[in-house]
Number of protein chains: 2
Amino acid sequence: MRLTGPVTPRAGIVVTGTEVLTGRVRDRNGPWLSDRLLELGVDLAHITICGDRPRDIEAQLRFLADQGVDMILTSGGLGPTADDMTVEVVARFSGRRLVLDEALEERIGEILRPLMKRFRYWDPEAVRAANRKQALIPEGAEVIDPVGTAPGLVVPGSPVVVVLPGPPRELQPMWEVALATDAVQAAIAARTRYTQRTMRLFGLPESALAETLREAESRIHGFDRLEITTCLRGGELEVVSRLEPDATAAYEALAAFVGDRHPRELYSTDGTRIDDLVAEALAGRRVATAESCTAGLLAARLTERAGASEYVAGGAVVYSNRSKTQLLGVDPRLIEEHGAVSEPVAEAMARGALGRFEADTAAAVTGIAGPGGGTPDKPVGTVCWCVRLGDGRSLTRTLLLPGGRSDIRERSTTVAMHLLHRLLSGGGDDAP
Amino acid sequence: MRLTGPVTPRAGIVVTGTEVLTGRVRDRNGPWLSDRLLELGVDLAHITICGDRPRDIEAQLRFLADQGVDMILTSGGLGPTADDMTVEVVARFSGRRLVLDEALEERIGEILRPLMKRFRYWDPEAVRAANRKQALIPEGAEVIDPVGTAPGLVVPGSPVVVVLPGPPRELQPMWEVALATDAVQAAIAARTRYTQRTMRLFGLPESALAETLREAESRIHGFDRLEITTCLRGGELEVVSRLEPDATAAYEALAAFVGDRHPRELYSTDGTRIDDLVAEALAGRRVATAESCTAGLLAARLTERAGASEYVAGGAVVYSNRSKTQLLGVDPRLIEEHGAVSEPVAEAMARGALGRFEADTAAAVTGIAGPGGGTPDKPVGTVCWCVRLGDGRSLTRTLLLPGGRSDIRERSTTVAMHLLHRLLSGGGDDAP
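Predicted model only: the values in this text are computed from it and were never measured.

Asks: In this structure, what is going on with the pattern of salt bridges? I would like to understand it.
Replies: Opposite charge on two side chains allows them to pair when their charged atoms are near. Tallied over the entire structure, the rule returns 54 salt bridges over all chains. Among the ionic pairs, Glu358 of chain A bridges to Arg322 of chain B, the shortest N-O distance being 2.9 Å. On the criterion of chain membership, the pair formed by Glu358 of chain A in the loop between α15 (343–356) and β15 (361–367) and Arg322 of chain B in helix α13 (residues 321–328) is interchain, its members lying in two chains. Given the relative accessible area of 53%, Arg322 of chain B is considered exposed. Where Arg242 of chain B meets Glu227 of chain B, a salt bridge forms, and the shortest distance between an N and an O atom there is 3.6 Å.

Rendered as structure tokens:
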């Protein structure tokens, strides 16, 4: 289902670094650059990852060139250590010799000077050597000033090669500078404006959505002009449709069809994530959390956004049964009678959080994250939630979640977010 | 610095899925398979990622074949929806036609039957069609029974292609089955046994380590037989050395050299992560946390491991100043006089946590995560920690951390872990 016309510019990304290849470091640059390219209407075809090996880096550059991409973005391998060799390889690949840019060498030296004062055991000669290495650039390349100590490059040619450092904090602003260069602008000149529209559903199995989409395909005119990918993660279904602007009517019809089929499960029609929906719903309110198995993940999640201090009072991580009583006043007899993982205890935790933090909104989670602790009655994955408002409205749920310890903790946190959203949007069990 | 002899088998990994290409889903299979291959002594040369597009998948398969890999592992694209097309592409790539495996079709049907009962609006004909699609396999391929609903494949040839589903929970056991097949065993028969050794340091800048490694290179015989990669993440430096067993003496010399140069910063010589070191140090103890800016991340991290209930009593997320007093008894005059982000307040939080949770170990963190809240005296990134034991020994620190909100929160949590480790290992400021 290819939407791209013959002139849509294509790009590839090469991520270098043995730590990324072996998964010790998570690559954030691929995804971030991918989003930037999408916004620009450039079609990202491939991301390739290799270790700090010139032969493999070069092979990946050649692969992308053979694939006919208009632009290659590289990330990583610009540091001072011996395993950083991207510039050397890019020079060879683009048939340009390495030349010393003396102005650049001086600029890097200025950046390093204050750092050198801090560390006593630097060998000034070794630092100068590293400095010089980072100032060797392919002849004719344009330099992007360092945000850290490593400069980036825009190497003209077909494809254009944009060379950026590994740390996202450096890559991101330097990409903006690279984007503004003539060479990059020319490479992406013929881009098509794509739109990306996202729907989000919760509590629906992926196969049920697949069924709905199959039906939509036969009913909706222009469905084939939508490039749709669905992704189930942590219980949340993300449906992303990529389309040219003149296919908007087909998309609106699809969105209406999905909303009609799954009104309860569809929680976002414009891509807004549950975290932002909850943050909006908490405006003017004060929330407190009471967590057992999630042990702080929910409080941490609610405070991810800047400005969270406006609506987050605090939370209690009541991992032991004793602390449930000590901090939240949960009646020990409830725990004895129903068990720590039970709806009555979840409700008592929520009430306790409301009082303890003088909050008007509370979310409590208690469950068995495993691998131990399960019983035939309450196997690993059994989790109870209670979300409660000061006016008495509340929602209480019990679910059996799949997966291992960290899956269960993560998904429990997500379910709590959705329950908070539902309650704050007007849903609720009968108020006691 | 290539260690691989002419016969070391090489592998490549193809990760398919537009959700991975665009970063909406984090690829876990690349890293996991990478570790498995390393353990086997197989050299992983490339990981490539593409969207759900036959043309790109095929291009990546051909690239890897041209690179002379002995084995290609693919992940993703085996589901029932239209965007799942890996098997079709692999068949075309390997020059084999697709045939219907009727026994497989029946097995998948059996797996689906109980699921079909749960969802009322499944169209039985559509389900059968999806079922049949997943039972079409390249002629001559070996089937790996599904863990979910999608079977895997081992397609003989040069290279051998191992086709696995996307979800890690399915891929991981199915890889073990694939590994045992004759085709895969033959492909990796000539492998060399590599060892991987890891050192970890904290509180040392990467350039200082680069300097130490440069010196080591000139002093240590056999240094060139070590493939060393260093990676700085969240303040922690990971130094991974890959070597053939007969280069062990060179590695031991390197490790001794690094330990000699940086005795305080080297915290792990066998790759053990700080989380495991802290868990070991907490055996027989009870820890409680008091968190402001990290808002539960530290408590969540301490409870990641199974069995954490043995040593974690609980924690207080005291996001607001009021809650610092309400839950932990922090004197409001301390907050007024020194500010919420100050060493006296961190110390009061730690003492409060010890008492409130009846713990013998406490860790408190208070800081300015940003983007707002900074002042010239206390800019964004200013964080104070206090870790304290019941016997009175404690460590108190203030640092200025770099980065954005989530960097600061994450790194604050890591620093807390290291301070806990240091205190529990016998370090400590004078006990008050």
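Asks: When you look at the sheet that holds strand β9 (residues 195–202) of chain B in this model, what are you seeing that I'm missing?
Replies: Strand pairs in the sheet, formed through backbone hydrogen bonds, run parallel or antiparallel to each other. Residues and elements named next belong to chain B. Reading across the sheet, the 4 strands line up as β10-β11-β9-β12 and stay open at both edges, with antiparallel pairing between neighbours. Looking at strand neighbours, the two that pair on one side only are β10 (227–233) and β12 (266–268), the edges of this open sheet. Shown here is a sheet whose adjacent strand axes are inclined to one another by a mean of 25°, direction ignored. Across 8 bridges, β9 lies against strand β11 (residues 236–243) in antiparallel orientation. What sits directly across from Leu201, in β11, is Leu237. Against the sheet, helix α10 (residues 248–261) contacts β9, β10, β11 and β12, and its axis sits at roughly 5° relative to β9.

Asks: Whenever I open this one, the relation of the copies chain B and chain A confuses me. Can you help?
Replies: Each of the two copies of the chain can be brought onto the other by a rotation about an axis and a shift along it. Rotating chain B by 180° about the axis while translating it 0.1 Å along that axis superimposes it on chain A, leaving an RMSD of 0.2 Å. Here the symmetry operator amounts to a two-fold rotation axis. Same-surface contact between copies: 99% of interface residues of chain B are shared with the interface of chain A.

Asks: How should the interface of chain B and chain A be read in this particular structure?
Replies: Contacts between the two partners involve 92 residues from chain B, matched on the other side by 91 residues from chain A. For the pairing of chain B and chain A, the buried interface totals around 7,600 Å² over both sides, and the portion due to carbon and sulfur atoms is 51%. Counting across the chain B and chain A interface gives 8 salt bridges. With its nearest N and O atoms 3.4 Å apart, the salt bridge here joins Arg53 of chain B to Glu227 of chain A. Where chain B packs against chain A, one counts 34 residue pairs in polar contact (both at pLDDT 80 or more). In terms of residue count, the dominant contributor to the side of chain B that touches chain A is strand β2 (residues 43–50) of chain B (8 residues). A per-class count over the side of chain B that touches chain A returns 37 nonpolar, 24 polar and 31 charged. Looking at chain direction, strand β2 (residues 43–50) of chain A and β2 of chain B are connected through 5 bridges and run antiparallel. Looking at β2 of chain B, one finds that His46 of chain A is bridged to Cys50 of chain B.

Asks: Explain the pairing of strand β3 (residues 71–75) of chain A here, please?
Replies: Each regular strand displays side chains that alternate between the two surfaces of the sheet. All names here are of chain A. Within β3, 5 of the 5 residues are buried, which leaves the element mostly enclosed by the surrounding structure. Of the two faces of β3, the one lined by Met71, Leu73 and Ser75 and the one lined by Ile72 and Thr74 are each fully buried. Bridge count for β3 against strand β8 (residues 160–164) is 5 bridges, and the pairing is parallel. When the bridges of β8 are listed, Met71 appears paired with Val160.

Thresholds, definitions, all that
Residues numbered from 1 in each chain as written. Chains lettered and ligands numbered in written order. Predicted model: local features only at pLDDT ≥ 70, side-chain atom pairs only at ≥ 80, totals over all residues. Heavy atoms only, no water. Salt bridge = Lys/Arg side-chain N within 4 Å of Asp/Glu carboxyl O. Helix = DSSP H or I, 4+ residues; strand = E, 2+ residues; numbered from the N terminus. Buried < 20%, exposed > 50% of the residue type's maximum accessible area, 1.4 Å probe, protein only. Pairing = 2+ DSSP bridges. Axes fitted to C-alpha atoms, helices over the stretch in contact; angles between N-to-C directions. Contact = heavy atoms within 4.5 Å. Least-squares fit on C-alpha atoms with pLDDT ≥ 70 in both. Buried area = accessible area lost by both parts, 1.4 Å probe. Polar contact = N/O pair within 3.5 Å; in protein donor to acceptor, adjacent residues only side chain to side chain. Nonpolar A, V, L, I, M, F, W, Y, C, P; charged D, E, K, R; others polar.

Read these as geometric descriptors, not functional statements.
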